[in-house]
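Listed here are the chains, written in short residue letters.
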Number of protein chains: 2
Amino acid sequence: MADTARHPEPRYGNRPTMKDVAARAGVGLKTVSRVVNAEPGVTPDTERRVQEAIDALGFRRNDSARVLRKGRTASIGLVLEDLADPFYGPLNRAIEEVARAHGALLINGSSAEDPDREQELVLALCARRVDGLIIIPAGHDHRYLEPEIKAGVATVFVDRPAGRIEADAVLSDSFGGARSGTAHLVAHGHRRIGFIGDQPRIHTAVERLGGYRAAMAEAGLPVEDSWVSLGTTVPERVHEAVVSMLKAPEPVTAILTGNNRVTVTVVRALAAHERPVALVGFDDIELADLLNPGVTVIAQDAATLGRTAAERLFRRLDGAPEAPGQVVVPTRLIARGSGELPPPADR
Amino acid sequence: MADTARHPEPRYGNRPTMKDVAARAGVGLKTVSRVVNAEPGVTPDTERRVQEAIDALGFRRNDSARVLRKGRTASIGLVLEDLADPFYGPLNRAIEEVARAHGALLINGSSAEDPDREQELVLALCARRVDGLIIIPAGHDHRYLEPEIKAGVATVFVDRPAGRIEADAVLSDSFGGARSGTAHLVAHGHRRIGFIGDQPRIHTAVERLGGYRAAMAEAGLPVEDSWVSLGTTVPERVHEAVVSMLKAPEPVTAILTGNNRVTVTVVRALAAHERPVALVGFDDIELADLLNPGVTVIAQDAATLGRTAAERLFRRLDGAPEAPGQVVVPTRLIARGSGELPPPADR
DNA sequence: CTGAAAGCGCTAACAG
DNA sequence: CTGTTAGCGCTTTCAG
């Protein structure tokens, strides 16, 4: 007690250090280090004595010190939009599994779709000297990352590309998915199709809108302004968008939704509507198959997205010198009924 | 370059240190430290010079060194069962928000319901010297944590209590919830009610079974062995359990499910069944209100669970000396139709 | 096979 | 207001 009195708050609650273990075992500090790290060159007998001291003292190596010395933290950072969004669960988990296989821990946080918060989080992770970073970006200008990347922080963007810097990205085929979803509705006879998506500052929202427009154009169909609604995914706004599309003089007969949050709200809104309206949703949602009709979706493979990104990250950490590039993960249309509803016969 | 040639692999990609910044700004090391940490006692002019050097060099404080010196990491660890499970999303997010409010980062990992993996993760987090730990335990013996807790790692268990040690726990009222859900079914005329839950080594599974049994006993109803099925939540097993309960000579007319995974599978199984069977599910699930009938559930408040646990953790970190205790968060029965179905009239 | 010494980058304590 | 010194607990280096 006396010799630690210099510290007003006992450090780490006064945990034993390798020095303490060495003293107790009657060996040198480095020998303890060797035992702890299972390095060769220690007599079985010495090892046993050291191990006993470790157990007796409840010693646990302080990785902070180790990190300082070694320069690698064996941890990666993940910044996503919202940990509570079911879309990110499987993505998060897939990344975790890859990290685990590489002996790394995962530090993660939500940007809440706020670019400042994204940057704050990313830089905090850099200060912790994470070995690598997986980012689902909220902002569009990632030049703040340049010094970090130059300093050796491997970085992979997921779901949306980086802005104003060259960086790896693993993306879903948003454009293609939205296009095929729209084409699917056209194939089932629809000519007036609405699109309700996320805020236009979000890359995927714009891509999906683009896919929708492309499919409409390819079918020779016009797109009225009132058929397109981009904005936040709060239920109130989305609900309003549905209502206004349906009560127009020339109401839409089908809707394509831009993500899982929107789809859920639209399903609710349509359930309250008298006439059946066709629906194709971007992102699969749980129980979609059990609704009546089942919800036809363009499913993204979140787990593949995460796994691919993490594997790329660790390949870079292992020194792969490839140029930064994009990987596009295909989407899959799953027909369950709502997307196959015909337009009303009366018009 | 020459003076760093000693390092075979450039540390942190050769990032500048405070020393480098000090040299460039022509000030002492400690002055840089003052500026970086916004400590008082630096002339505006000096501060400007230092700041310029920081920007020019792309300096970012190395928190590993800081942590080593200060003894606190400003990070907490969260070990849960599966990051991909929608139940843990809001919990995770709520914990993150509290951590953020306290300036701490969140390191998390999945135990995959494996006690060994839980322990491995927890100890890795302890080696990183996280300030605190929030654990959704997979195992039942947490004595391995004793040295850590003694050494000052604040620990709070969530969703399930710790085993064989005294520790804080924040739990849902599993017993009470299951009991009221069962009573609800009884009140709607059911006398043969089945229970399908998770593996009996999981605390909440046992509690919920207990609540079910208690309600049955209180109603003076017997519980046949064939009405109770505990085991893994893989769809195959759960499906089989449903089928066997329904094809028995005295089939159940209602089912209580033990968690969200089970509920989803049971809903699917019942959808394929000819006769309507009443259902009350533990845990709310998305879109439960839109199914036909809507799924009556006993909803847990995952966000409150997480927030409460995190707040308790930080209170401890701030030195609150309360004895370890349990907080129970109430559940709420949400009637949506499936739990109000009457038993078939013919028997 | 083992250990002593140096130092990772930072902050605490104390001197100017 | 500013700088110097020591040292956090570990790994690296090199000498026994």
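Residues numbered from 1 in each chain as written. Chains lettered and ligands numbered in written order. Predicted model: local features only at pLDDT ≥ 70, side-chain atom pairs only at ≥ 80, totals over all residues. Heavy atoms only, no water.

If you check an unreviewed UniProt entry, chain A appears there as LacI family transcriptional regulator from Streptomyces niveus.

Glancing now at the overall build of chain A. Summing up its helical and strand segments, chain A has twelve helices and twelve strands in all. Against the globule reference of 20 Å for 347 residues, chain A gives a C-alpha radius of gyration of 27 Å, more extended than a compact globule. Each principal axis of the C-alpha distribution contributes one length, and for chain A these read about 95 × 40 × 40 Å. Sorting the 347 residues of chain A into buried and exposed places 55% on the buried side. Of the contacts formed within chain A by residues at least 6 apart in sequence, a portion of 66% connects residues at least 24 apart. A total accessible area of about 14900 Å² is found for chain A, and carbon and sulfur atoms account for 52% of it. Taken as two groups, the 42 positive and 46 negative side-chain charges of chain A have centres that lie 6 Å from each other. (Helix = DSSP H or I, 4+ residues; strand = E, 2+ residues; numbered from the N terminus. Rg over C-alpha atoms; globule rule 2.2 N^0.38 Å. Buried < 20%, exposed > 50% of the residue type's maximum accessible area, 1.4 Å probe, protein only. Contact = heavy atoms within 4.5 Å. Areas by Shrake-Rupley, 256 points an atom, 1.4 Å probe, with all protein chains shown as cover. Lys, Arg positive; Asp, Glu negative; His and termini not counted. Charge placed at Lys NZ, Arg CZ, Asp CG, Glu CD.)

Turning our attention to the environment of Gln-300 of chain B. Residues and elements named next belong to chain B. Locating Gln-300 in the fold gives a position in the loop between strand S10 (296-299) and helix H12 (302-317). You can call Gln-300 buried: its relative accessible area is 12%. The residues touching Gln-300, leaving out its near neighbours within four places in the chain, are Phe-87, Asp-159, Ser-172, Arg-208, Phe-282, Asp-283, Leu-305 and Thr-331. Of the polar contacts made by the side chain of Gln-300, one reaches the side chain of Ser-172; its length is 2.6 Å. A polar contact is formed between the side chain of Gln-300 and the side chain of Asp-283, at a distance of 2.4 Å. (Polar contact = N/O pair within 3.5 Å; in protein donor to acceptor, adjacent residues only side chain to side chain.)

This part covers the side chain of Asn-260 of chain A. Looking at where Asn-260 of chain A falls in the secondary structure, it is placed in helix H11 (residues 260-271). Those residues in contact with Asn-260 of chain A that sit more than four places away from it in its chain are Asp-85, Pro-86, Phe-87, Phe-282, Asp-283 and Ile-285 of chain A.

If you walk through the whole model with that rule in mind, you get 52 salt bridges over all chains. In this structure, Arg-93 of chain B engages Glu-96 of chain B in a salt bridge whose closest nitrogen and oxygen atoms are separated by 3.7 Å. One end of the pair, Arg-93 of chain B, and the other, Glu-96 of chain B, are both in helix H5 (residues 88-101), three residues apart, so they sit about a helical turn from each other. In terms of burial, Arg-93 of chain B and Glu-96 of chain B fall into one category: buried. Here the salt bridges do not stand alone but share partners, grouping Asp-82 and Arg-117 of chain A together with Arg-93, Glu-96 and Glu-97 of chain B into one network. (Salt bridge = Lys/Arg side-chain N within 4 Å of Asp/Glu carboxyl O.)

The next point concerns the protein's contact with DNA strand C. Surveying the vicinity of DNA strand C reveals 27 residues, the closest of which are Thr-31, Arg-34, Thr-43 and Thr-46 of chain A together with Met-18 of chain B. When atoms of DNA strand C within 4 Å of the protein are split into backbone and base, the sugar-phosphate part holds 63%. For DNA strand C, a phosphate oxygen lies 3.0 Å from a polar atom in the backbone of Asn-62 of chain B. Contacts to DNA strand C include Lys-70 of chain B, whose side-chain N or O atom sits 3.4 Å from a phosphate oxygen. Counting residues per element, the ones that place at least two in the surface near DNA strand C are helix H2 (29-36) and helix H4 (63-70) of chain A together with helix H2 (29-36) and helix H4 (63-70) of chain B. When residues in the surface near DNA strand C are grouped by element, the largest group, five residues, is from H4 of chain B. A per-class count over the surface near DNA strand C returns eight nonpolar, nine polar and ten charged. (Near = heavy atom within 4 Å. Nonpolar A, V, L, I, M, F, W, Y, C, P; charged D, E, K, R; others polar.)

Here the focus is the interface of chain A and chain B. With 62 residues of chain A in contact, the opposing surface of chain B contributes 62 residues. Both sides together, the interface formed by chain A and chain B hides about 5800 Å², and carbon and sulfur atoms give 50% of it. Linking chain A with chain B are 18 salt bridges, by the criterion used here. In this structure, Glu-148 of chain B engages Arg-15 of chain A in a salt bridge whose closest nitrogen and oxygen atoms are separated by 2.7 Å. Summed over the shared surface of chain A and chain B, the number is 29 residue pairs in polar contact (both at pLDDT 80 or more). (Buried area = accessible area lost by both parts, 1.4 Å probe.)

Geometrically, a pair of aromatic rings is defined through the distance of the ring centres and the angle of the planes. Counted by the stated rule, this structure contains four aromatic pairs over all chains. Geometrically, the ring pair formed by Phe-195 of chain A and Tyr-212 of chain A is stacked, given 5.4 Å between the ring centres and 25° between the ring planes. Here Tyr-212 of chain A lies in helix H9 (residues 203-218) and Phe-195 of chain A lies in strand S6 (residues 193-197), a separation of 17 residues in the sequence. The same class applies to Phe-195 of chain A as to Tyr-212 of chain A, namely buried. For the pair Phe-87 of chain B and Tyr-88 of chain B, a centre-to-centre distance of 5.2 Å together with 70° between the ring planes defines the contact as edge-to-face. We classify Tyr-88 of chain B as buried; its relative accessible area is 3%. Geometry around Phe-282 of chain A places Arg-208 of chain A over its ring, the cationic atom sitting 3.9 Å from the centre. (Phe/Tyr/Trp six-rings, centres within 6.5 Å; stacked < 30°, edge-to-face > 60°. Lys NZ or Arg CZ within 6 Å of the ring centre and 35° of its normal.)

The next thing to look at is unusual backbone geometry. All names here are of chain A. A cis amide bond links Asn-292 to the next residue, Pro-293, at an omega of -5°. With respect to the helices and strands, the residue Pro-293 is situated in the loop between strand S9 (278-282) and strand S10 (296-299). Even without being glycine, Ala-112 reaches a positive phi, approximately 55°. Inspection of the secondary structure puts Ala-112 in the loop between strand S2 (105-110) and helix H6 (115-127). Look at Ala-112 and you get partly exposed, because its relative accessible area is 35%. A positive phi angle is found at Leu-287, which is not glycine, with a value near 70°.

In this section: the protein's contact with DNA strand D. Near DNA strand D you find 26 residues, and of these Met-18 and Lys-30 of chain A together with Thr-31, Thr-43 and Thr-46 of chain B are the closest. Contact between DNA strand D and Arg-69 of chain A: a base oxygen at 2.9 Å from a side-chain N or O atom of the residue. Within the side chain of Thr-31 of chain B, an N or O atom sits 2.5 Å from a phosphate oxygen of DNA strand D. Secondary structure elements with two or more residues in the surface near DNA strand D: H2 and H4 of chain A together with H2 and H4 of chain B.

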